[in-house]
Amino acid sequence: MKALVCGKGGSGKSTVAALLAKSMARRGYRVLVVDSDESNYGLHRQLGMELPGSLMDYFGGKKMMMEKMRRSFTEGEQVQLFDQNWTLAEIPAEARTEKDGIKLLTIGKIHDFGEGCACPMGALSKKFLDNLQVGEKEIVIVDTEAGIEHFGRGVEAGCDAILAVLDPSYESLLLSKKIAEISEKIGKPLYFVLNRVDEERKTAMLEFLDEKRVAATIPETKEIFRAGLAGEEFDFSMEEVEGLADLLME
Ligand SMILES: Nc1ncnc2c1ncn2[C@@H]1O[C@H](COP(=O)(O)OP(=O)(O)OP(=O)(O)O)[C@@H](O)[C@H]1O
Ligand SMILES: [Mg+2]
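Since this is a predicted model, take the numbers as computed values, not measurements.

(A) Up close: the site of ligand 1. Near ligand 1 lie 20 residues; those nearest to it are Lys-13, Ser-14, Thr-15, Asn-40 and Arg-196. Between an oxygen atom of ligand 1 and a main-chain N or O atom of Gly-12, the distance comes to 2.9 Å. In isolation ligand 1 offers 640 Å² of accessible surface; the protein chains occlude 84% of this area. Only α1 (13–26) and α9 (222–230) provide two or more residues apiece to the shell around ligand 1. Of the residues belonging to the shell around ligand 1, the class tally is five nonpolar, 10 polar and five charged.

(B) The arrangement of α1 in detail. The end-to-end C-alpha distance of α1 is 20 Å, a good match for the 20 Å that 14 residues give at a rise of 1.5 Å each. With 12 of 14 residues buried, α1 lies mostly within the body of the structure. Of the residues making up α1, those classed as buried are Lys-13, Thr-15, Val-16, Ala-17, Ala-18, Leu-19, Leu-20, Ala-21, Lys-22, Ser-23, Met-24 and Ala-25.

(C) Summary view of the nonpolar core. The biggest cluster of nonpolar side chains holds 43 residues, and the ones touching the most others in it are Leu-32, Val-34, Leu-55, Leu-105 and Phe-128. At five residues, the largest contribution of residues to this core is made by helix α7 (residues 170–186). What Phe-128 contacts, discounting residues up to four positions off in sequence, is Leu-32, Val-34, Leu-55, Phe-82, Trp-86, Ile-91, Leu-105 and Ile-107. Of all hydrophobic cores here, the second largest spans 34 residues; its members include Met-24, Leu-43, Met-49 and Val-165.

(D) Highlighting the packing of α1 against helix α10 (residues 239–249). Look at α1 against α10: their axes get within 9 Å of each other, and the N-to-C directions meet at 65°. Compared by their axis directions, α1 and α10 come out roughly perpendicular. With respect to the hand of their crossing, α1 and α10 are arranged in right-handed fashion. Along its contact with α1, which presents Val-16, Leu-19, Leu-20, Ser-23, Met-24 and Arg-26, the element α10 presents Val-241, Glu-242, Leu-244, Ala-245, Leu-248 and Met-249.

About the thresholds
- Residues numbered from 1 in each chain as written.
- Chains lettered and ligands numbered in written order.
- Predicted model: local features only at pLDDT ≥ 70, side-chain atom pairs only at ≥ 80, totals over all residues.
- Heavy atoms only, no water.
- Near = heavy atom within 4 Å.
- Polar contact = N/O pair within 3.5 Å; in protein donor to acceptor, adjacent residues only side chain to side chain.
- Areas by Shrake-Rupley, 256 points an atom, 1.4 Å probe, with all protein chains shown as cover.
- Helix = DSSP H or I, 4+ residues; strand = E, 2+ residues; numbered from the N terminus.
- Nonpolar A, V, L, I, M, F, W, Y, C, P; charged D, E, K, R; others polar.
- Expected span 1.5 Å × (residues − 1).
- Buried < 20%, exposed > 50% of the residue type's maximum accessible area, 1.4 Å probe, protein only.
- Core = buried A, V, L, I, M, F, W, Y, C linked by side-chain atoms within 4.5 Å.
- Contact = heavy atoms within 4.5 Å.
- Axes fitted to C-alpha atoms, helices over the stretch in contact; angles between N-to-C directions.
- Parallel < 35°, antiparallel > 145°, perpendicular 65-115°, else oblique.
- Left-handed = near helix turned anticlockwise from the far one by under 90°.

So yeah, pure geometry; function would need other evidence.
So, in structure tokens, the structure goes:
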């Protein structure tokens, strides 16, 4: 199972990805979290880890990747960014960190002024997920950058389910429609995770959403807020996230 977590900026994608990863690891699953967000630097802290070296660096850095992609445009060469068909156990140590049954792999981050766009990261995310082999009692959770650019790049092709994290905002509701449209087109199951939502907010949001798709409703909690603000590990469990984990295991 490869589950991709998406949604608007700040809706709680990384929070849901981290809480879900923790829950699946407690259930004895081997978990790989893929940080495919090129801009944010917080996910490893939520998992209580150091930032790993990136997959981009493992393959020689962004310049090298950009050069390969450029050749494919100008010379029509097939983009073959890499051809490894890794299992979770085979992901090289240089490109990941690990703690309590959770591996974390970072695709690549923007580090510098004028270094260019994030296209190579998108291409690498897609290729990595397309090629990744997931076995019994293993789960891959992909945390994406805000918005829907990853759909444009085809990153979802290698995933089995899409979790759209929706906070109570007009932007999230609007985005949920777009995501539903695209998910249907590519034939991927889509679930909504309502975040920062109590009963009253849920009722209001359900006026605009298909209730059958709502897989979890996560309230605003002091625990998440404090840990999130301080960049501390999420070492607590939540009933609502356990429900989401149950659903994914089915
Ligand atoms: N249910 C919640 N209760 C309290 N605080 C929350 C909750 N969900 C998220 N937060 C806080 O909101 C902030 C944004 O969450 P998070 O980083 O998970 O969002 P994101 O969608 O990954 O953002 P980005 O688009 O920047 O990657 C964090 O500080 C997090 O701790
Ligand atoms: Mg995030």
